[in-house]
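So the chains spell out like this:
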Protein chains: 2
Amino acid sequence: MSKRLTVEEHILSANEALAGQVRDRLDVLGVLALNLMASPGAGKTSLILRTIADLRDDLRIAAVDGDVAMVDVEKIAATGIPVTLINTGGSCHLDANMLLPALDELPLAETDLLLVENVGNLICPANFALGVHLNVVIASVAEGDDKPYKYPAMFRGADVLLLNKIDMLQYEEYDVDYFRRGVEALNPGLTFFPVSCKTGEGIEAWTAWLRARVQA
Amino acid sequence: MSKRLTVEEHILSANEALAGQVRDRLDVLGVLALNLMASPGAGKTSLILRTIADLRDDLRIAAVDGDVAMVDVEKIAATGIPVTLINTGGSCHLDANMLLPALDELPLAETDLLLVENVGNLICPANFALGVHLNVVIASVAEGDDKPYKYPAMFRGADVLLLNKIDMLQYEEYDVDYFRRGVEALNPGLTFFPVSCKTGEGIEAWTAWLRARVQA
């Protein structure tokens, strides 16, 4: 296995260099970029749609949609914002090598906020830096309250955490305190927003925070 | 990337050979083995606990629990069946190289049914054969009805499919027909069980089917 590790280390180091190129391009143009990561079905696309709806009057938004096969790009495109697609062809994560050419397809000079939707996977995307400014992890009440304990790397690397589907707290045995204790042990003081993309609850706190980050 | 692909192909081919060794050991001892795969929080452990409860009077059951960090092994061990743990240390899937030594820790000569819980991931485990007899995919109503369209490899490689959390159909906008059409396009005639590990609905149909497979 040592040979494989060497190759992996080489790939990760090459990815870091490309992530630096991504960051340079974003910073020159004044674009704040987010990497949205979550399990399949936790609500990445729904959160993107809610975020666009809340912020489109104040900010110029663009998006990148990463998926292994069929994609949510039509749902995002229907909002009218510029969006481009990365079909990973089966690969379990986005990396900077995929993101860099995708940036060419977006009007970044006229963009304030770039939303990058990663592949639905709570493990692999945590290993590949994209060069964006904020790693956003979306957990979901439907997944159960033990996720920080079971997938620590994802929660350790987060800059912001959203807990989606809080409308389901009335049906599910879900201990929010247990969830948050697990997060705090990995990532003390992590910014946290409980939301429901279905009902809209909590979305405004998230978008107000994000608006302030873009305008800072 | 061509060098990386070569290494990956080498790893997958070595894994196939080890999967053959796993299969030989299981078949010599007359053990039917299942590889349970699903997204985080879809209900792998819950299904294992329900399956043990239903079948333990008729069959001798053992389990392998694979996880990236904190594990569900205590919940399974609490049932009293033999269970062993594979902590992948961050790796996103089980492979035959991990499973082979784990078999040594179980009383396989006194086992009829072996339940292998894979890592919570709807992408990577589909690429690594374990040498077991049945690939079992567990989808969940909470994830949304588009999962076959978005994660085709997992559904294409399934031998049995369960849709868990059907008790949530009353709260969620979930089109079971759309879900099943997506599955049928990838894997026509796939054996399918809608279940709720929470209420027990549908579990008996699954365990009756599984009992018949073991006793065949």
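The preceding data block contains the structure.
Residues numbered from 1 in each chain as written. Chains lettered and ligands numbered in written order. Predicted model: local features only at pLDDT ≥ 70, side-chain atom pairs only at ≥ 80, totals over all residues. Heavy atoms only, no water.

Caption draft 1: Seen up close, the overall build of chain A. Along its length, chain A carries eight helices and seven strands. Relative to a compact globule of 216 residues, whose C-alpha radius of gyration would be 17 Å, chain A shows 17 Å and is just as compact. Seen through its principal axes, chain A has C-alpha atoms that stretch 50 × 45 × 35 Å. Taking all 216 residues of chain A together, the buried fraction comes to 56%. Put simply, 75% of the contacts in chain A that link residues at least 6 apart link residues at least 24 apart. Accessible surface, chain A as shown: approximately 8,600 Å² in total, 50% of it carbon and sulfur. Between the averaged position of the 18 positive side-chain charges in chain A and that of its 30 negative side-chain charges there is a distance of 2 Å. (Helix = DSSP H or I, 4+ residues; strand = E, 2+ residues; numbered from the N terminus. Rg over C-alpha atoms; globule rule 2.2 N^0.38 Å. Buried < 20%, exposed > 50% of the residue type's maximum accessible area, 1.4 Å probe, protein only. Contact = heavy atoms within 4.5 Å. Areas by Shrake-Rupley, 256 points an atom, 1.4 Å probe, with all protein chains shown as cover. Lys, Arg positive; Asp, Glu negative; His and termini not counted. Charge placed at Lys NZ, Arg CZ, Asp CG, Glu CD.)

Caption draft 2: The arrangement of the packing of aromatic side chains in detail. Summed over the entire model, instances satisfying the criterion amount to 15 aromatic pairs over all chains. Between Tyr149(B) and Tyr178(B), the aromatic rings sit 4.4 Å apart at their centres with planes inclined by 20°, giving stacked as the arrangement. Taken together, the positions of Tyr149(B) in helix H5 (residues 147–150) and Tyr178(B) in helix H7 (residues 176–186) put the pair 29 residues apart, joining distant regions of the chain. An angle of 45° between the planes, with centres 6.0 Å apart, marks the rings of Tyr174(B) and Phe179(B) as tilted. Each member of the pair, Tyr174(B) together with Phe179(B), is buried. In this structure an aromatic cluster arises from ring pairing among Phe155(A), Tyr174(A), Phe179(A) and Phe192(A). (Phe/Tyr/Trp six-rings, centres within 6.5 Å; stacked < 30°, edge-to-face > 60°.)

Caption draft 3: Geometry of the sheet that holds strand S4 (residues 113–117) of chain B. All names here are of chain B. Spatially, the seven strands line up as an open sheet ordered S3-S2-S4-S1-S5-S6-S7, and their pairing is parallel. Every interior strand has two partners, whereas the edge strands, strand S3 (83–87) and strand S7 (191–194), have only one. Pairwise comparison of adjacent strand axes, ignoring direction, gives a mean angle of 20° for this sheet. Note that strand S1 (residues 32–38) and S4 share five bridges and pair parallel. Along S4, the bridge assignment pairs leucine 32 with leucine 113. (Pairing = 2+ DSSP bridges. Axes fitted to C-alpha atoms, helices over the stretch in contact; angles between N-to-C directions.)

Caption draft 4: Representation of the relation of the copies chain A and chain B. Each copy of the sequence occupies a distinct position, and chain A is placed on chain B by a rotation of 180° and an axial shift of 0.0 Å, giving an RMSD of 0.0 Å. The two molecules are tied by a two-fold rotation axis, judged by turn and shift. Looking at the interface residues of chain A, 100% of them are also at the interface in chain B, so both copies use one shared face. (Least-squares fit on C-alpha atoms with pLDDT ≥ 70 in both.)

Caption draft 5: Focus on the pairing of S7(B). As defined by bridge partners, strand S6 (residues 160–164) of chain B adjoins S7(B) across four bridges and the pair is classed as parallel. When the bridges of S7(B) are listed, Val160(B) appears paired with Thr191(B).

Caption draft 6: Local environment of the environment of Leu186(A). Looking at where Leu186(A) falls in the secondary structure, it is placed in helix H7 (residues 176–186). Ignoring anything within four residues of it in the chain, the contact list for Leu186(A) reads Pro148(A), Pro152(A), Phe155(A) and Arg156(A).

Caption draft 7: Highlighting the pairing of strand S2 (residues 61–67) of chain A. Residue and element names in this part refer to chain A. Most of S2 sits inside the fold, with seven of its seven residues counted as buried. Sheet topology places S2 next to strand S4 (residues 113–117); five bridges connect them, and they run parallel. Following the sheet pairing, alanine 62 is matched in S4 by leucine 114. Here five bridges tie S2 to strand S3 (residues 83–87), and the two strands are oriented parallel to one another. Paired with alanine 63 across the two strands is valine 83, which belongs to S3.

Caption draft 8: How the structure looks around the interface of chain A and chain B. Residue-level contacts link 34 residues of chain A with 34 residues of chain B. Buried area between chain A and chain B, summed over both chains or domains, comes out near 3,000 Å², and the portion from carbon and sulfur atoms is 60%. Our count for the chain A to chain B interface comes out at three salt bridges. When the shortest N-O distance is used, the salt bridge between Lys150(B) and Asp67(A) registers 3.6 Å. One can count six residue pairs in polar contact (both at pLDDT 80 or more) joining chain A with chain B. Classifying every residue of the side of chain A that touches chain B by side-chain character gives 18 nonpolar, five polar and 11 charged. (Buried area = accessible area lost by both parts, 1.4 Å probe. Salt bridge = Lys/Arg side-chain N within 4 Å of Asp/Glu carboxyl O. Polar contact = N/O pair within 3.5 Å; in protein donor to acceptor, adjacent residues only side chain to side chain. Nonpolar A, V, L, I, M, F, W, Y, C, P; charged D, E, K, R; others polar.)

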